[in-house]
Each structure stands twice: as C-alpha cells, then as structure tokens.
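Topology and contacts: notes
These are the residues of each chain, in order.
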Amino acid sequence: MQEFLDSELFIYIVRPVIYIGFAYIFYKLITFFLDRALHNKHINNKNKKRVNTTLSLINNCLKYIIIFLTILIILNSFGINVSSILAGLGIVAAVLTLAFQDLAKDFIAGISIVMEDQFEIGDNVMINGFRGDVIAMGLKTTRIKDYKGAVQIISNHMITEVTNYSLNPSLAEVTIQIDSDNDLDKVEKIIRKTMETIDKTYDFLKGNTELWGVEMVDQNSVTYKLAVKTKTGKDFDIQRKMRKDLQDALTKAGIKMPQTHMEVRNGK
C-alpha cells in the first residue's frame, strides 16, 4: 500500500484527481446549502428572483475561488513552493488588472446591477435594443433569450441603459376597424359583450378590459381601441387572441368591415 502511495501514478495522477473530486463535492455542498438557506416557502416571487440572481453571482465567484485553491493545493502536493507563488501574485494581479480592465469593469457592473436591483433572472428586459428574458447572470456576462429562442450574451460593463418590463404589468392594446355605415351603438354593445367574455376566460390578465373609445374616424371607417393589463410578456399573445375574438364576434353579428376601394384609370 505504501509503495502505491509513493508511486508516481498516485502522486501525479490519482492524488490530483482525488483533490479535484473533493473540491467538486465541496462546491456542490456549499451551493446546495446556500440554495436551501436562501430559498424558503415564505419568500414571494419578487424575492425569489432576487435570490436566484444573487445565487448565480455567488456560485460564479465561488467556482473561481475553489478552482484557484485546488490548483494551489495540487501544486503544493508536487513540492512546488506555493508561498512564492502567492507572493508574486501581487505583481501579477497588478499586471492582470491593466491587461483585463474590461473584466474588472464587468465584475463591478455585475455587482452594481444586483445592488441597484436593475433586473433579475426571469425579468423581461430590453438591453442594447435586444428584448428578452434574463436567463443567466455571471461575473462577466448577462444572457438574455428572446421569444424566438435567440440568446444574446452581453458584457456587464456594456449594459448602460435597461428597460425592465417586469416592474409593472404589460399593456395589451388592440384596435378594431369597422365600416362607418354601421350602427355604432350596436358595435359598442357587441364589443363590450366580448370584453366580458375576455375578462372571464383569458389567463394572465391583471385587470378588466377597457374600451378606450373611438381612436380614429375617416371617410370609410371608424376605429375603436381597447386595452387590458396583462402579466409581463403576455401582452402580444393576448393582443392576437383579442383581435380574433373581436373580429369573430363582429362578423357573426353582421357588422360590416371597411372595404378597400381601388380606382383604376385607363391613362392615355
């Protein structure tokens, strides 16, 4: 047994693998207990998102620390003077700070985002013209996924302006255009009846549908506008469904839709 412990196989392969295995288990245990400590059944959805964001940053930082310490332990097991390495890290750190200024900026920006509560994992945001859900936050980058599935990876220090759509409910707005020859009282009665159905049957609504009235009148048509508050990010789905249901209800009631008139001239 002692011969195996003194062998090059154990010293240079088996022992480093054991250290890496212990480091991995240690990392998993810490993250598990952190997750259990920060998550509990009493937190609400807002706090839960903040906890997930904080955990994401802590896990990133913890991962790099454990990797660094594991490397030092392995080097020490090979007989390398770790103290001299640590002593030289001050100079190396100064050089790296100059060489990796953007990385330092990313780290500081990531901390600022969390401290200022600009956005959290799960929020629907627009950053640099790209809108989507925040799916991950690290010390260097933030990842956003749009409704098509495309993922934008943005360096934290490049995030200067943020539009956060999750701070308040979204607003679904729909316009309905009908022929101006229709009985407008009848039209509004049908619209309001459809609104009652919308309020009773639609999911993700944050209030009752409102008829804002006539939006526009021209020679051939009258345009009505409706709106309803929805769960964040559900406004587009609600708008599409509302248009269809309103169109079906008006058509079924015999309401005329505006006709497109085309004038053809035979020029000579």
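Below is a short write-up of the structure. Every value quoted in this text rests on a predicted model; they were computed, and no experiment measured them.

Considering the packing of helix α6 (residues 184-201) against helix α7 (residues 235-252)
Where α6 contacts α7, the two axes come as close as 10 Å, and the packing angle between them is 135°. The angle between α6 and α7 places the two elements in the oblique class. α6 and α7 meet at a crossing whose hand is right-handed. Seen from α6, the contacting residues are V187, I190, I191, T194 and I198; seen from α7, they are M242, D245, L246, A249 and L250. Residue composition of the contact of α6 with α7, grouped by class: eight nonpolar, one polar and one charged.

Focus on the side chain of N156
Its location among the elements puts N156 in the loop between β4 (151-155) and β5 (162-164). Accessibility expressed as a relative area gives 1% for N156, which makes it buried. Of note is the side chain of N156, whose polar atom sits 2.8 Å from the side chain of T142. What N156 contacts, discounting residues up to four positions off in sequence, is D106, A109, G110, I113, G138, L139, K140, T141 and T142.

Digging into the pairing of β4
Judged from the five bridges that link them, strand β3 (residues 141-145) and β4 form a sheet pairing that is antiparallel. Bridging across to β4, R143 finds its partner in I153. Counted between consecutive antiparallel strands, the loop separating β3 from β4 contains five residues, among which G149 sits at a positive phi close to 100°.

Quick notes on the rules
- Residues numbered from 1 in each chain as written.
- Predicted model: local features only at pLDDT ≥ 70, side-chain atom pairs only at ≥ 80, totals over all residues.
- Heavy atoms only, no water.
- Axes fitted to C-alpha atoms, helices over the stretch in contact; angles between N-to-C directions.
- Helix = DSSP H or I, 4+ residues; strand = E, 2+ residues; numbered from the N terminus.
- Parallel < 35°, antiparallel > 145°, perpendicular 65-115°, else oblique.
- Left-handed = near helix turned anticlockwise from the far one by under 90°.
- Contact = heavy atoms within 4.5 Å.
- Nonpolar A, V, L, I, M, F, W, Y, C, P; charged D, E, K, R; others polar.
- Buried < 20%, exposed > 50% of the residue type's maximum accessible area, 1.4 Å probe, protein only.
- Polar contact = N/O pair within 3.5 Å; in protein donor to acceptor, adjacent residues only side chain to side chain.
- Pairing = 2+ DSSP bridges.

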